[in-house]
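Fold and geometry: a report
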Amino acid sequence: MNEVKMLLDELAAVCANPKAQLDAAVADGRKCVGVLPYFSPEELVYAAGMLPFGLWGAEMQANESKRYYPAFICSLLHTVLELGLKGALNDLSAIMVSICCDSLKGFGANWKYGVGEAVPVIDVAWAENRKIPAGVEFTRSQFRKVLGQLEAIAGDRVSDAEIGAAVAVYNENRAALRAFSAAAARRPEAVSPMARCAAIKAGYFMDRAEHTEKLNALTAALAALPEQKWDGLRVVTTGILADSPALLRILEDNQIAVVGDQIAQESVNFRVDTPVTDDPVEGIAQRLGQVEGCSVLFDPGKQRGKELIELAKKVNADGILWVMTKFCDPEEYDYVPVKRMADAAGIPLLAVEVDQQMVNYEQARSAIEAFAEILRF
Amino acid sequence: MDERKPAKIVLRELQDRIAQDAWDAKQRGEKVGWCASNFPQEITTAMGIPVVYPENMGAAVGAKGGGQRMCEYAEGMGYSNDLCSYSRINFAYTDLKRCEELEIPFPDFLLCCNNICNCMIKWYENLALELDVPLILIDIPHLDAMTCDADRVKYIRAQFDDCIAQLEEITGKKMDYDRLNEVMSISQRSSKAWLRAVGYMSAEPSPFSGFDIFNNMAVACVGRGTVEAAEAFEQLADEYAALVKEGKSTFKGEEKYRILFEGIACWSNLRFTYKTLQSRGINLTASIYGPAFSFLYSNLDELMAAYSYVPNSNCFEKELQLRVDDALKNKVDGAVFHMNRSCKHWSGNLYEMERQFREKTGVPTIVFDGDQSDPRCFSEAQYETRVDALTEIMEQRKKEAAQ
């Protein structure tokens, strides 16, 4: 148990202070590239010898960013922009912005004219018609273009062999994340929702190879724990982010374990490996066609809903918690049909709205307490 | 003397006829589609496939006073009031199957295009599920440079061809490529006539009230591949030319000030937004809807690129340039920017757009909060106060210039 706690604490510390990771990498002479959601080709950054540094927002008040974005844009983008405007991300060599949702489309210009050219923006376009050959080819062409920009920043050419090696590192990390997620679901008494989230999220700020090592050790340590009965509830989460400490604490307070997820920041990012192909960039493009369960992806037939219900059944969840990122259009559109699908399947689903600028979670607490009571009834 | 009906009547009748054609086709058992406003209309026009436009319905319902009622109904279905009001109106209609302000025939298929925004994709996904009809998406990725690159053209072209194949299967109608060429050239004729018509806004005074653009653009959107539309726009341009020659205008009162109006109209508050400006002698003489419907091309590859250049699909610098050029050409004294609660894409860069526009044109600007079809997001008092402030600055500048 001590080893489990020690490793979880270590990863939680990384999450609690990502800036320290950035500072350490820069001090070590390694260039860092900020990566905003969603599905930017992180492997290419890694292949170029740089550290991909996840930019998924921060728990803070955004003020300066409101000179650029109106208040009704999600906090994820507001707070990343705020950090940039305050100079907290000046050590990044560039940021990659995937132009796949309407709010993200405006991010690059707001950054460029607000933060300045010192941290350049790399726009990442990919195909919404991501499964058809023309879509894969378009995504491949755009990722190659991104690679050229990354090479210019790194100051060196990147070979296909180096990209292939980076893909292998990422696939190993994804496998480790899947194994950890499964192990955590079996040991809810040892891995709280907050600890689970932090262990996964830490990967966005660490070298993925190092993260894999920690996770594998953690999974092994969890497997060695003696069996223990869990009397609490089991839920599956869905949404963009479910990393709010206040929200996760509420789950813990109510004896609710996260036994699986369909969160963009979590499992959606590691459920599918990058196929190994002759052109490794094509493999990264193909992967995009295989990912499901994320609202920014074109999803005719709402595979997201079907996948979510299958997941809830598979892990024997008592219910689904939809962590609704406030002002996120794609999520708000998905919610209505997916809720209906869950209702039809007889799986209770609760949506709670979360915003990284929120300080008072009492409304969410009341809703979750009521939900827990219903599930226990 | 010209015995023809005025072009604005011809355009209104044409719009009504296109809508009626869709109802008649549905009645005959033909397949009818719902279509995104900036979907390449050349495909359906050439194939003789009737389509209707939920976005136009959203605007019309808003203008006729049904926006709030329909939006609230959709919110009762679980849709957030954060979402595009056109889509909320459409979801309400889909569920209710009726709408007292305007109805459109229900679709057998959906044609989606995301060049204006990605929320179209989510909206149409939900419709496809709800109505159990096929959905075809032509994905036009947002531009990250001033021009559309060859990779994008290739990708869009592949989807264009794929869309034709799917529509042939769904409707049983075959694409005639000679007819497609003909429609493309008619569309060019319409686009050029539209550009010529709105180009007369540079005259002083402008020959027409700029708010007319909001009415006329509906046909530019839905019917520009038809000869009737091309003729109507040519007539409109001729009428404006005649007014310019005579130094006359359809704008009521003296045109004291000329402005650029940025963004979609507040359809539910159209009269108020118009009257507030008109009563102060302010005419709209520049709008992105001028160049917006100028789909200019000379072959299929250029057509693909042209659909990348619609407003909001361009990179920021191009969007800014379009507005600055339009404002300078049309000699504006100020600009009104609509922070549209429905449209995250349009609003996401609006503050920076306003700042840079002001710097590059040197004219005063205001921003007001509103919505395209949900009146709850619009405040008459705020709008009026800000227009007053703009008027004062424009007045002061005129005085200074006269000294």
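Since the structure is predicted, the reported quantities are computational estimates derived from the model, not experimental observations. (Residues numbered from 1 in each chain as written. Chains lettered and ligands numbered in written order. Predicted model: local features only at pLDDT ≥ 70, side-chain atom pairs only at ≥ 80, totals over all residues.)

1. Quick notes on the overall build of chain B
So the rule is basically this: Secondary structure elements follow DSSP: runs of H or I no shorter than four residues count as helices, runs of E no shorter than two count as strands, and numbering proceeds from the N terminus. Computation of the radius of gyration draws on C-alpha atoms, with the globule rule given as 2.2 Å multiplied by the number of residues to the power 0.38. We call two residues in contact when the distance between their C-beta atoms, placed using the backbone, is within 7 Å.
Counting secondary structure elements, chain B contains 17 helices and eight strands. Expected size for 403 residues packed as a compact globule is a radius of gyration near 22 Å; at 21 Å, chain B falls within 12% of this value. With the C-alpha coordinates aligned to their principal axes, the bounding extent of chain B is approximately 70 × 50 × 45 Å. Considering only contacts within chain B whose residues lie at least 6 apart along the sequence, 79% involve residues at least 24 apart.

2. Thoughts on the overall build of chain A
Across its full length, chain A holds 15 helices and eight strands. Its C-alpha atoms give chain A a radius of gyration of 20 Å, within 12% of the compact-globule value 21 Å for 377 residues. Once the C-alpha set of chain A is aligned to its principal axes, its extents read approximately 60 × 45 × 40 Å. Sequence-distant contacts, at least 24 apart, represent 74% of the contacts inside chain A between residues at least 6 apart.

3. Topic: the interface of chain A and chain B
Put simply, the rule reads: In this classification, the charged set is Asp, Glu, Lys and Arg, the nonpolar set is Ala, Val, Leu, Ile, Met, Phe, Trp, Tyr, Cys and Pro, and all remaining amino acids, among them Gly, are polar.
On the chain B side, the residues contacting the 41 residues of chain A number 37 residues. When residues of the side of chain A that touches chain B are traced back to their parent elements, those giving at least two are α5 (102-105), α6 (107-114), α7 (133-154) and α14 (329-345) of chain A. At nine residues, α14(A) tops the list of elements feeding residues into the side of chain A that touches chain B. Among the residues forming the side of chain A that touches chain B, the class breakdown is 22 nonpolar, eight polar and 11 charged.

4. Side note on the sheet that holds strand β8 (residues 349-354) of chain A
All names here are of chain A. Condition: Two strands qualify as a pair provided that DSSP identifies no fewer than 2 bridges between them. Each axis is a line fitted through C-alpha atoms, and for a helix only the stretch in contact is used; angles between axes span 0 to 180 degrees, taken between their N-to-C directions.
What the four strands build is an open sheet, ordered β6-β5-β7-β8; its pairing is parallel. Looking at the sheet topology across the chains shown, the edges are occupied by β6 (256-263) and β8. Averaged over all adjacent pairs, the angle separating strand axes in this sheet is 25°, with direction ignored. The pairing of strand β7 (residues 319-325) with β8 spans six bridges and is parallel. Directly across from M324, in β8, lies its bridge partner E353.

5. Some thoughts on the packing of α7(A) against helix α12 (residues 280-290) of chain A
All names here are of chain A. For the record, the criterion: These descriptions rest on fixed angle ranges, namely under 35 degrees for roughly parallel, over 145 for roughly antiparallel, 65 to 115 for roughly perpendicular, and the rest for oblique. By definition, any crossing whose near helix is turned counterclockwise from its far helix by less than a right angle is left-handed, and any crossing with a clockwise turn is right-handed.
Orientation of α7 relative to α12, taken along the N-to-C sense of each, is 130°, at an axis distance of 8 Å. Comparing the axis directions of α7 and α12 gives the class oblique. Here the hand of the crossing between α7 and α12 comes out right-handed. Side by side, α7 and α12 meet where G135, V136, T139, R140, F143, R144 and L147 of the first sit next to V281, E282, I284, A285, Q286, L288 and G289 of the second.

6. Remarks on the pairing of strand β3 (residues 109-113) of chain B
All names here are of chain B. How we decide: Here exposure depends only on C-beta density: within 10 Å of a residue's C-beta, 20 or more other C-beta atoms make it buried, 12 or fewer make it exposed, and intermediate numbers make it partly exposed, the C-beta atoms being placed from the backbone. A crossover counts as right-handed when, viewed with the strands pointing away from the observer, the path leading from the first strand over the helix to the second turns clockwise.
Of all five residues making up β3, five are buried, and the element is well covered by its neighbours. Judged by which residues are buried, β3 turns out to be covered on both faces: F109, L111 and C113 on one side and L110 and C112 on the other are all buried. Bridging between strand β1 (residues 33-35) and β3 involves three bridges; their strand directions are parallel. By the bridge assignment, C35 is partnered in β3 with L111. Taken together, the four bridges between β3 and strand β4 (residues 135-138) define a ladder with parallel strand orientation. Following the sheet pairing, L110 is matched in β4 by L135. Handedness of the crossover is the feature at issue here: the chain leaves β3, passes through helix α6 (residues 119-131), returns alongside β4, and the resulting connection is right-handed.

7. Describing the domain arrangement of chain A
Residue and element names in this part refer to chain A. Rule in force here: Residue ranges assigned to each domain were obtained from an automatic or database domain assignment.
Domain boundaries in chain A define domain 1 (1-21 + 171-228), domain 2 (31-158) and domain 3 (232-377). Using C-alpha coordinates to define each centre, domain 2 is positioned 23 Å away from domain 3. Residue-level contacts link 32 residues of domain 2 with 26 residues of domain 3. The dominant element in the side of domain 2 that touches domain 3, judged by the number of residues it contributes, is α7, at seven residues. Each residue belonging to the side of domain 2 that touches domain 3 can be placed in one class, and the counts come to 17 nonpolar, seven polar and eight charged.

8. Here we look at unusual backbone geometry
Cis peptide bonds are those with omega within 30 degrees of zero, and the linkage from A:P37 to A:Y38 qualifies with 10°. Tracing the backbone through its elements, the reader meets A:Y38 in the loop between β1 (32-35) and α3 (42-47). Backbone torsion omega between B:E204 and B:P205 reads 0°, so that peptide bond is classified as cis. Topologically, B:P205 is positioned in the loop between α8 (177-199) and α9 (212-222). The phi torsion at A:N316 lies on the positive side, around 60°, for a residue other than glycine. Within the element layout of this structure, A:N316 appears in the loop between α13 (303-314) and β7. What makes A:N316 exposed here is the crowd of 11 C-beta atoms within 10 Å.

9. A word on the confidence of the model for chain B
Should the pLDDT be low somewhere, the predicted coordinates at that spot are not to be read in detail. Cut-off, in case you're wondering: Within a predicted model, pLDDT stands for the predictor's per-residue confidence, ranging from 0 to 100.
For chain B, mean pLDDT is 95; residues scoring 70 or higher make up 99% of the total. Interface confidence for the predicted complex, given as ipTM, is 0.96, next to a pTM of 0.97.

10. Side note on the packing of α13(A) against α14(A)
Relative orientation and spacing of two packed helices are given, respectively, by the angle between their axes and the distance between those axes. All names here are of chain A. The geometry of α13 relative to α14 is characterised by a closest axis approach of 9 Å and an angle of 40° between their N-to-C directions. As summarised for this structure, α13 and α14 are arranged oblique, according to the angle between their axes. As for the relative orientation of α13 and α14, their crossing is right-handed in sense. For the pair α13 and α14, contact is made by R304, G305, L308 and I309 and by D334, P337, V338, M341, A342 and A345, respectively. A class-by-class count of the residues in the contact of α13 with α14 yields seven nonpolar, one polar and two charged.

11. Some thoughts on the sheet that holds β3(B)
Residue and element names in this part refer to chain B. Pairing is parallel across the open sheet formed by four strands, whose spatial order is β2-β1-β3-β4. Each end of this open sheet is capped by a strand with a single partner; those strands are β2 (51-52) and β4. α6 contacts β1, β3 and β4 of the sheet and is inclined by roughly 170° relative to β3. Packing against the sheet, helix α7 (residues 150-171) makes contact with β3 and β4, and its axis sits at approximately 160° to β4.

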